[in-house]
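Structural overview
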Amino acid sequence: MCGIIGYCGPRPAAPILIEGLKRLEYRGYDSAGICVADHEVLTVFKKKGKIAELRKVVPAKLPGCYGIGHTRWATHGEVNDINAHPHVDEKNDIAIVHNGIIENYTSLREKLEEEGHVFHTQTDSEVIAYLIADLYEGDLERAVKQAVQLLKGTYGIVCMHRNEPGLLIGARNGSPLVLGIGDDEMFLGSDVTAIIAHTKQVVYVEDGEVVAVRADGFITTDLRDRSVDKKVETITWELQEIEKEGFDHFMQKEIFEQSQTILRALQGRLDHENGTGKLDGLNMSKQELHSIERVKIFAAGTSYHAGLLASYLLENIARIPCTTELASELRYRNPLVERNTVYFAVSQSGETADTLYAMRELQRKGARVLGICNVVGSTIPRESDGGVYIHSGPEIAVASTKAFTSQLTAFYLFTLLMARMRHMSLDQGRVFIRHLESVPDLVSATLAKAGELKVLAKKYSVAQDFLFLGRGTNYPVALEGALKLKEISYIHAEGYSAAEIKHGPIALINEKTPSLFLVPNDSLRDKVISNMKEVKARKGKVIAISVEGDNEVADIADDVFAVPAADELIHPFLMVVPLQLLAYYCALELGRDVDQPRNLAKSVTVE
Ligand code: G6P
């Protein structure tokens, strides 16, 4: 979703702002703009479309050493140049960039219009610039504090005034804002990717805080002017992790990274001697872990699918009742918080609004909520009661891949920990670990056959509709496969339990609608084969993702991709990789923008 960058320091601001915006592209956007100040004049450039369009209108040598920039993902008002940020007040004194949604902007705007102000955009954000200008009496920080107290909704704001050279004011409520500390220069960003090329020293701005930033320092206060002590943290990501490093797309790079990222998620978390998992970040004593009677998981998108898969693991293996729910539904159904229940909020970004707000509601009701997140320092891990970082490194492609397999890894570890505290024997625990440790190599072996999926994509990317079918732990994998395909190729795809096909989806079967079946060598294999035959009998095309050596499946299916033979426990890791690759190659075949699919955003910070 929208991205923010701000700069103040000795260097010309424009190139730094544009480079920062380029790094924020992955969040998803439809227009972009910058404002740079020089000799007490604010100059704004903004364009619909990609950063390349913006570059065309920004002069190569634009003077001015402080400024702000924004990538917009439209919520209020159509996608055009005017609605793009930064927004200025009528006198061009103040410029602001804003992430989030101002829920009471209509009433604020009407009031300002009654006073004679004339608005130029259809956005909710413009009202912020007008409000600050209205309240300004020579002190931008004060005006911002007064203005934000009139706002209802969410915001991450950075603003500047032409009469206060070199000063940026940042404020946050619900939309992330991070300060980057350089050598005599400062940065503000909506996430660390915007600033990591310049500094690794960061300070996370919290809700209700306002930060006044100049090249040589910053001061953080709350809305009542009380100063707030901030901790300077060091980003552990490396710059090259947000570069493509020879791959054509970030998604391709992230799919191929998975053997390493799964390994990273496992590192330091296996206790071989005791045949169990070690998850210190859960912040729970042995007694507390022992007393868990139920697990409830909530998330959105791909993270929801990882959570759904975890519910199979926890019930089957750890014998703990577990349910998984969409965070957006959980939040509004006044959930009951039961005793001895732990909740997991799963989120790659750690910022997804639906998941974050569901977490806060559960916490208000007294629940213990643990996070399974990737982005260190993001809001969910900071506000949760403990959790597991999956350490996948930055995931830049909008379609999530490596985060999914690492989220699974975290849940496998938690399952092992829970099972060992209950009925699982030491030997069984050690066998579980052995299987888990074999995953990275088996994933590598699966990736080595990517070329076969390229061929399949050539054949099947002409399809208008696709079915993805699996059972047991591979049912969530089927859902994930369908999500991947629709997200980046725009082919309509549905995921179903293979058993469910006769309750509806079979009506869709014809020669043009391929069905992709996940057929690992597990206890449900024969039943899935029967479902495949039902489709074949109706002249449907069948693609099977099976296990090497399964000739029966190969004989029935029109096309097969075989993953290496492995224990049933870890099949989901091997089954999902071909689906990610198939989606990727189909999108390439169709000439889609793989990393930034239309209308989607990486981190959905609005409801
Ligand atoms: C968006 C992204 C998806 C992601 C979902 C949840 O919809 O496009 O790729 O799975 O949000 O994101 P999270 O960061 O909470 O895992």
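Residues numbered from 1 in each chain as written. Predicted model: local features only at pLDDT ≥ 70, side-chain atom pairs only at ≥ 80, totals over all residues. Heavy atoms only, no water.

1. Focus: the side chain of lysine 402
Tracing the backbone shows lysine 402 in helix H13 (residues 402-420). Under the relative-accessibility criterion, lysine 402 is labelled buried at 2%. There is a polar contact of 2.8 Å between the side chain of lysine 402 and the backbone oxygen of serine 392. Ignoring anything within four residues of it in the chain, the contact list for lysine 402 reads Glu254, Glu257, Gln258, Thr261, Ser392, Gly393, Pro394 and Glu395. (Helix = DSSP H or I, 4+ residues; strand = E, 2+ residues; numbered from the N terminus. Buried < 20%, exposed > 50% of the residue type's maximum accessible area, 1.4 Å probe, protein only. Polar contact = N/O pair within 3.5 Å; in protein donor to acceptor, adjacent residues only side chain to side chain. Contact = heavy atoms within 4.5 Å.)

2. A few points about the site of the ligand
In the neighbourhood of the ligand, 14 residues make up the surrounding shell, with Ser303, Ser347, Gln348, Ser349 and Thr352 lying closest. At 2.7 Å from an oxygen atom of the ligand is found a main-chain nitrogen or oxygen belonging to glutamine 348. Serine 349 is positioned with one of its side-chain polar atoms (N or O) 2.6 Å from an oxygen atom of the ligand. Using a 2 Å cut-off from the grid points, one finds that the ligand occupies the largest pocket. For the shell around the ligand, the element with the most residues is helix H9 (residues 301-316), which contributes three residues. Classifying every residue of the shell around the ligand gives four nonpolar, eight polar and two charged. (Near = heavy atom within 4 Å. 1 Å grid on protein atoms, 1.4 Å probe; cavity = no way out; pocket = protein on both sides within 12 Å on 5 of 7 lines; lining within 4 Å. Sits in = over half its atoms within 2 Å of the grid points. Nonpolar A, V, L, I, M, F, W, Y, C, P; charged D, E, K, R; others polar.)

3. Notes on helix H3 (residues 105-114)
The set of residues buried in H3 consists of Tyr105, Leu108, Arg109 and Leu112. Taken around the axis of H3, the buried residues stretch over an arc of 95 degrees, which confines them to a single face. Facing away from the buried side of H3, by more than 90 degrees, are the exposed residues Lys111 and Glu114. Residues of H3 that are buried in the fold lie against helix H4 (126-135). Looking one or two places after H3, you find glycine 116, whose phi comes out positive at around 105 degrees. (Arc of directions from axis to C-beta.)

4. Quick word on the sheet that holds strand S17 (residues 294-299)
Across a sheet, paired strands are connected by hydrogen bonds in the backbone, their directions being either parallel or antiparallel. Pairing is parallel in the open sheet, where five strands are placed in the order S18-S17-S19-S20-S21. Both outer strands of the open sheet, strand S18 (322-326) and strand S21 (387-389), are each paired with one neighbouring strand and no more. Neighbour to neighbour, the strand axes of the sheet diverge by 20 degrees on average, direction disregarded. As judged from the five bridges shared by S17 and S18, these two strands associate in the parallel manner. Looking across to S18, one finds that isoleucine 297 is bridged to threonine 324. Across the sheet, H9 is in contact with S17, S18 and strand S19 (341-347); its angle to S18 comes to roughly 170 degrees. This element, helix H11 (residues 353-364), spans S17, S19 and strand S20 (368-373) of the sheet and lies at about 145 degrees to S17. (Pairing = 2+ DSSP bridges. Axes fitted to C-alpha atoms, helices over the stretch in contact; angles between N-to-C directions.)

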